[in-house]
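Chain by chain, the residues run as shown.
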Amino acid sequence: ESQLIIKERQQTTFQVEELINLLDGGKEKTALRRSIEQTILSDPLMKTDKIGYLTREQKYVQSVRRMMYFFTDLAKRNKWNIEDPHCPEMLFLSRSLSSVVAFMIHMGAFVPSISSFGTLEQVSKWQPLAKECLIIGCYAQTELGHGTNLRRLETTSTFDRNTQEFIVNTPNLSSMKWWPGDMGKSANHAMVMAQLITNGENHGMQAFIVPIRDMTTHKPLPGVEVGNIGSIMSLEDTDNGYLRLNNVRIPKENMLAKYANVDRSGRFQQTGNNRLMYASMMNLRIVLTREQMIHALQKACTIAARYSCVRKQGSLTPNGPEIPIMDYVTQQNKVIPRIALAYALDFTIMEVRHRYVQFLADVTRGDLSNMAEMHAISSGIKANASERTVAGVETLRRACGGHGYSMASGLPYLLLSVTGSCTYEGENTVLYLQVARYLIKTAANISMGKSVDGSSAYLAENTEARCSATSQEEFYDHSLLDACFKHRSKQLLQSVAMDLQGLLAEGKQQMEAWNLLSIQLVNSAKAHIERYIVATSASFVRKLNCSLKVKKLLNQLCSLVALHQITNFPGDFLKDGYLDSHQLDLARKAEVKLLQSLRHNVVGLVDAFDFRDEILGSCIGAYDGNAYERLYDYAKNDVMNKNDVHEESYQYLRPHLHRG
Ligand SMILES: CCCCCCCCCCCCCC(=O)SCCNC(=O)CCNC(=O)[C@H](O)C(C)(C)COP(=O)(O)OP(=O)(O)OC[C@H]1O[C@@H](n2cnc3c(N)ncnc32)[C@H](O)[C@@H]1OP(=O)(O)O
Ligand SMILES: Cc1cc2nc3c(=O)[nH]c(=O)nc-3n(C[C@H](O)[C@H](O)[C@H](O)COP(=O)(O)OP(=O)(O)OC[C@H]3O[C@@H](n4cnc5c(N)ncnc54)[C@H](O)[C@@H]3O)c2cc1C
C-alpha cells in the first residue's frame, strides 16, 4: 500500500464504515451487498477479461455468456430478488456487474413493460417466460426517423377482423426500429410500440409483443429483418439493433391491453389514462440515474481522488519537497465538488425512488394525482444528473493529467459509457422542456390561486428581493443557500411565463412562442431541478440518524454543491440583484475555505463509496494507491507487447531500416 494513501487514511476524521452503511441503507444492507459482490466476483464463470483488450464481438459474446449464466443459474441459486428494480438486491447487483451488460434491456425494460402495459392475464403468461429467460425481449420504441416524437412513430399495427390478428408493419425506411438494446443479435421477442389502427382509424401508440426470431433456430421469422446497427460510441457489450417488419401477423392477445383494448369487431376502447403509455418511462429514468449515472460519477471520484493523493508534482516552496497534487486548490476545486455532487445526487435519488414506489402504489389504486409532478421530477433528475455526471467525469478525467487519457485509468470507459445517458431514455433538452411544461402550468395554477405540488410549493411563497448574507459563514447555511436557489428558479419562471404571455398577446401561436422561448424554458427547468437537488439532499441529511462527525461532513458537502453552482454560474443569481458582487466574493471565499476543510477527508469520502478494485477497473484509482506499479503491469500485458518485435514491423519497417 502506498505510504501516501496510508497517510491520507490516517487523517480521516470519521468512521468510513459508518458512512458506507449509511449509503447502503444500514449495516445489514452493507453485509448483503458485500456478500453479493463476493459471490459474483469470485465466480469463475462471471469473470471478465480486461475490457480494453477485447474486440467488439468478444465483448458481446463475453457479456451474453456471463449474463445468461447470471440470470438462469447464479441469481436463482442465491435466491436474489431480480424482479423489482427498486429493491436493495437489484441495486447492489447492478453495481457488482459493474458495466452495462447484455440483457439489461430485457430485464430492465422488457420485463417491467409487460406489467406496465399488460393485463393480469398477459402478465401471467409473458412475465414468467421472460424472467426465466425462456424468451429474450427488447423494447422497440425508437425508429430510424423518430425517437423523441412518439406521436409520429410510423410502425403500424392494423387489426384484421377476419383472422383476429394484428398486422405489424414498418412501411418505409424511416419507420424501421433502430437502437433497441438486446435486439441486434439476442432477442427473440420485441415489445413493439406501434400506431394502432382498427377499422381504418388510428388510435395512437400501443405496445405489442412481436416474436422476431425462431425459438429453435434463432433465425429471423418470415417477414422479419433484424440485425445490429453497427459500431457505436461505447456500450459495445450490448447489441443495439434494427428491425424491419413486413406485414408480420401476431395474435390479437399480443396487444398489451391494460389501458386500452380492441374487441372482436375492432372497436377500440380506452380503459385507462393514455399518458400511462408514457409513464412507464419514468421507471427506467430513475433506475438509470442511480445505476448508471451516479455510480459512474462515484467511481470517477474514487479514481481521481485517490490518484490525486498519490501523484506528486511540484512544490509550494522554492526547491521544496514535492506535494500531492490534491494540495493544489485548483485540483481540490476539480475533485471535491464532484464528490459532493455524487453524495447529493445519491441522497436525492433515494428520495425520488421512495416517492416513485409510493406513486406506483397510488396508480394501482387508480390515483394518478401525482403523475405530473413525478414525471417532472423523474425527467428533470435524469437530465440534470446525466448532464452533470458527464461533465463531472470529464473534469475528473482531465484532473488525472496524461494518465486520465489512458484506458488503464478506467476514466475514458466511464466517460464514453455514461455519455449516452444524455440521449437515451429521453434526450435531455426534450426532458427539460417537459419539466418546463409542468412549471408553466404550475405558474398558471398559482396565478389562479390553485394549490401546487410539494416540490414546487416554493414557487407560490413570497421571497425576499435580496439575499441577506453579510458574512462568509452565512454561505454555509442550508436555508440561506436554498433561498438563493428558490429565488433564482422563481424569477426565471416568472420571467419566461411573462414573455410567453407577451408573445401570445402579440398573436403568436402557442407552439411558435414556446419554441422562441425554449432556451429560457430549459434554464428555468434546470433551475427548478437544481433547487430540488439542493433542498432534497439537505433535508435528507437533516433527517439522518448518524454521528455528529458524519452529519457535519455531509452538511458541508450539501453546502458545497450549492456554493459551487453559485460561484460557477453566478449570472442568474446576480441578474435581478438578489446577490450582489460583494456577496458573490463572500460565496467564493466560503467555497475555498470549505474545500480546504474537506481536503483531509477526501480519501475517506471516496472509500465510503466502497467500490472494490475489480469493479473500479482502474490502475490509478485502486485502494492501495500503487498507481505506477499497476500502470507498468498494464503496459506489459498489452497485446502489442506479446513479442518484442511486432510482425508488422518486420514487414513494413525492415526494408527501410538499411536504406541509409
Ligand atoms: C439495472 C439497470 C442498469 C441499466 C443499464 C442499462 C443501460 C443502457 C440503457 C439504455 C436504455 C435506453 C432505452 C431507451 O432509450 S427506450 C426509448 C426512450 N424514449 C424516450 O424516452 C422518448 C422521449 N419522448 C417522450 O417521452 C415523448 O415523446 C414526449 C413526452 C417528450 C413528447 O410526447 P407528446 O408530444 O405526446 O407529449 P406532450 O408534451 O404533448 O405531453 C402529453 C402529456 O403527456 C404527459 N407526459 C409526457 N411524458 C410523460 C411521462 N413519461 N409520464 C407521465 N406523463 C407524461 C405530459 O406531461 C403531457 O401531459 P399534460 O401536460 O397534457 O397533462
Ligand atoms: C445507447 C443507446 C441505447 C438505446 N436503447 C434504446 C432502446 O433499447 N429502445 C429504444 O426504443 N430506443 C433506444 N435508444 C434510442 C433513444 O431513446 C433515442 O435516441 C432518444 O430518445 C433520442 O431520440 P432521437 O434519437 O430521435 O433524438 P432527436 O429527437 O432526433 O434529437 C436530436 C436533437 O433534436 C432536438 N429535439 C428533438 N425534438 C425536440 C423538441 N421537441 N424540442 C426541442 N428540441 C428537440 C434534441 O434536443 C436533440 O438536440 C437508445 C439510444 C442509445 C444512444
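Residues numbered from 1 in each chain as written. Chains lettered and ligands numbered in written order. Predicted model: local features only at pLDDT ≥ 70, side-chain atom pairs only at ≥ 80, totals over all residues. Heavy atoms only, no water.

## Some remarks on the UniProt feature "active site" (unreviewed entry) in the protein chain
Alright, step 1. In the numbering adopted here, UniProt assigns the feature "active site" (unreviewed entry) to Glu425.
Alright, step 2. Position of Glu425 among the secondary structure elements: in the loop between α11 (411-419) and α12 (428-447).
Alright, step 3. Residue Glu425 is classed as buried on the basis of its relative accessible area of 17%.
Alright, step 4. Dropping the residues within four chain positions of it, Glu425 is found in contact with Met281, Leu284, Arg285, Leu288, Lys382 and Leu431. (UniProt positions renumbered as here; feature names shortened; annotations may be inferred. Helix = DSSP H or I, 4+ residues; strand = E, 2+ residues; numbered from the N terminus. Buried < 20%, exposed > 50% of the residue type's maximum accessible area, 1.4 Å probe, protein only. Contact = heavy atoms within 4.5 Å.)

## Here's the deal with the site of ligand 2
Alright, step 1. As a structural note, the neighbourhood of ligand 2 is formed by 20 residues, with Tyr139, Thr142, Gly147, Thr148 and Glu427 the closest of them.
Alright, step 2. In the environment of ligand 2, an oxygen atom lies 3.0 Å from a nitrogen or oxygen atom belonging to the backbone of Gln141.
Alright, step 3. For ligand 2, whose accessible area on its own is 970 Å², the fraction buried by protein is 63%.
Alright, step 4. Ranked by the residues each element gives to the shell around ligand 2, the list is headed by α12, at three residues.
Alright, step 5. Across the shell around ligand 2, the residue classes break down as eight nonpolar, 10 polar and two charged. (Near = heavy atom within 4 Å. Polar contact = N/O pair within 3.5 Å; in protein donor to acceptor, adjacent residues only side chain to side chain. Areas by Shrake-Rupley, 256 points an atom, 1.4 Å probe, with all protein chains shown as cover. Nonpolar A, V, L, I, M, F, W, Y, C, P; charged D, E, K, R; others polar.)

## What about the packing of aromatic side chains?
Alright, step 1. Counted by the stated rule, this structure contains 10 aromatic pairs.
Alright, step 2. On the basis of an interplanar angle of 65° and a centroid distance of 5.1 Å, the ring pair of Phe166 and Phe208 is categorised as edge-to-face. In this pair, Phe166 sits in strand β3 (residues 165-169) while Phe208 sits in strand β6 (residues 201-211), placing the two residues 42 residues apart along the sequence.
Alright, step 3. Owing to a relative accessible area of 0%, Phe208 belongs among the buried residues under this scheme.
Alright, step 4. For the pair Phe347 and Phe540, a centre-to-centre distance of 4.8 Å together with 15° between the ring planes defines the contact as stacked. On the criterion of sequence distance, the pair formed by Phe347 in helix α9 (residues 329-364) and Phe540 in helix α15 (residues 518-543) is long-range, its members being 193 residues apart.
Alright, step 5. Looking at Phe347, the relative accessible area reads 1%, which means it is buried.
Alright, step 6. The ring of Tyr458 is capped by Arg531, whose NZ or CZ atom sits 4.5 Å from the centre of that ring. (Phe/Tyr/Trp six-rings, centres within 6.5 Å; stacked < 30°, edge-to-face > 60°. Lys NZ or Arg CZ within 6 Å of the ring centre and 35° of its normal.)

## Here we look at the nonpolar core
Alright, step 1. Counting residues in each nonpolar core, the largest one holds 199 residues, and the members touching the most others are Phe70, Ile212, Ile339, Tyr343, Phe475 and Leu554.
Alright, step 2. Sorting elements by how many residues they give to this core places helix α8 (residues 276-310) first, with 21 residues.
Alright, step 3. Formed by five residues, the second largest nonpolar core is a distinct cluster that contains Met176, Ile229, Ile232 and Leu235. (Core = buried A, V, L, I, M, F, W, Y, C linked by side-chain atoms within 4.5 Å.)

## Some remarks on the side chain of Ser63
Alright, step 1. For Ser63, the location among the structural elements is in helix α4 (residues 56-77).
Alright, step 2. Ser63 has contacts with Val101, Ala102 and Asp237, leaving out every residue within four places of it along the chain.

## Quick look at helix α21 (residues 627-636)
Alright, step 1. Buried within α21 we find Ala627, Leu631 and Tyr634. The arc that holds the buried residues of α21, viewed along the axis, is 60°, so those residues lie on one side. Set apart from the buried face of α21 by more than 90 degrees, the exposed residues are Tyr632 and Lys636.
Alright, step 2. Buried positions along α21 lie against α8. (Arc of directions from axis to C-beta.)

## Brief notes about the pairing of strand β5 (residues 189-198)
Alright, step 1. Most of β5 is tucked away, with 10 of its 10 residues classed as buried.
Alright, step 2. Examined bridge by bridge, strand β1 (residues 137-140) and β5 share four bridges and lie parallel to one another. Residue Cys138 lies in a different strand from β5, and its bridge partner there is Ala190.
Alright, step 3. Judged from the three bridges that link them, strand β2 (residues 156-160) and β5 form a sheet pairing that is parallel. Note on β5: the bridge partner recorded for Thr158 is Ile197.
Alright, step 4. For β5 and β6, the ladder comprises nine bridges, and the chain directions are antiparallel. Bridging across to β6, Val192 finds its partner in Phe208.
Alright, step 5. Connecting β5 to the antiparallel partner β6 that follows it, the hairpin turn spans two residues, and Asn199 within it adopts a positive phi of roughly 45°. (Pairing = 2+ DSSP bridges.)

## A short note on the site of ligand 1
Alright, step 1. The full set close to ligand 1 counts 28 residues, and Thr148, Arg151, Tyr278, Arg437 and Lys441 are the nearest of them.
Alright, step 2. One of the side-chain nitrogen or oxygen atoms of Arg151 is found 2.7 Å away from an oxygen atom of ligand 1.
Alright, step 3. Contact with the protein chains hides 85% of the accessible area of ligand 1, taken as 1,300 Å² for the molecule alone.
Alright, step 4. Elements supplying a minimum of two residues to the shell around ligand 1: α6 (104-117), α8, α10 (371-398) and α12.
Alright, step 5. Tallying contributions element by element places α8 first for the shell around ligand 1, with seven residues.
Alright, step 6. Class assignment for the residues of the shell around ligand 1 results in 14 nonpolar, eight polar and six charged.

## Some words on the sheet that holds strand β7 (residues 224-228)
Whether parallel or antiparallel, the strands of a sheet pair through hydrogen bonds between backbone atoms.
Alright, step 1. Spatially, the three strands line up as an open sheet ordered β4-β8-β7, and their pairing is antiparallel. Both edges of this open sheet fall to β4 (177-178) and β7, since each of them pairs with a single strand only.
Alright, step 2. Looking at chain direction, β7 and strand β8 (residues 241-245) are connected through five bridges and run antiparallel. In the sheet register, Asn228 faces β8, and the bridge partner there is Gly241.

## What to know about the UniProt feature "domain: Acyl-CoA oxidase C-alpha1" (unreviewed entry) in the protein chain
Alright, step 1. Following the UniProt record, one finds the feature "domain: Acyl-CoA oxidase C-alpha1" (unreviewed entry) at residues 278-440.
Alright, step 2. The span residues 278-440 shows a helical share of 73% and a strand share of 0%, and its end C-alpha atoms are spaced 20 Å apart.

## Remarks on the pattern of salt bridges
Alright, step 1. Applying the stated criterion across every chain, the model contains 32 salt bridges.
Alright, step 2. Between Asp610 and Arg33 there is a salt bridge, with the nearest N and O atoms lying 2.6 Å from each other. Here Asp610 is found in the loop between α19 (602-607) and α20 (613-616), whereas its partner Arg33 is found in helix α3 (residues 27-42), with 577 residues between them in sequence. By the burial criterion, Asp610 is buried, and Arg33 matches it.
Alright, step 3. Among the ionic pairs, Asp362 bridges to Arg365, the shortest N-O distance being 2.9 Å.
Alright, step 4. For Arg365, a relative accessible area of 61% corresponds to the exposed category.
Alright, step 5. In the salt-bridge network here, residues are joined through shared partners; they are Glu17, Asp24, Arg33, Arg34, Glu37, Arg95 and Asp610. (Salt bridge = Lys/Arg side-chain N within 4 Å of Asp/Glu carboxyl O.)

## Looking at unusual backbone geometry
Alright, step 1. In the Ramachandran plot, Asp182 falls in the positive-phi region, its phi being about 70° despite a non-glycine side chain.
Alright, step 2. For Asp182, the location among the structural elements is in the loop between β4 and β5.
Alright, step 3. Located in the positive-phi region is Asn247, a residue other than glycine, with phi close to 45°.
Alright, step 4. Locating Asn247 in the fold gives a position in the loop between β8 and β9 (248-251).

## Looking at the environment of Pro321
Alright, step 1. Mapped onto the secondary structure, Pro321 falls in the loop between α8 and α9.
Alright, step 2. Residue class for Pro321 comes out exposed when judged on its relative accessible area of 64%.
Alright, step 3. Beyond its immediate stretch of four places on either side in the chain, Pro321 contacts Gly314 and Ser315.

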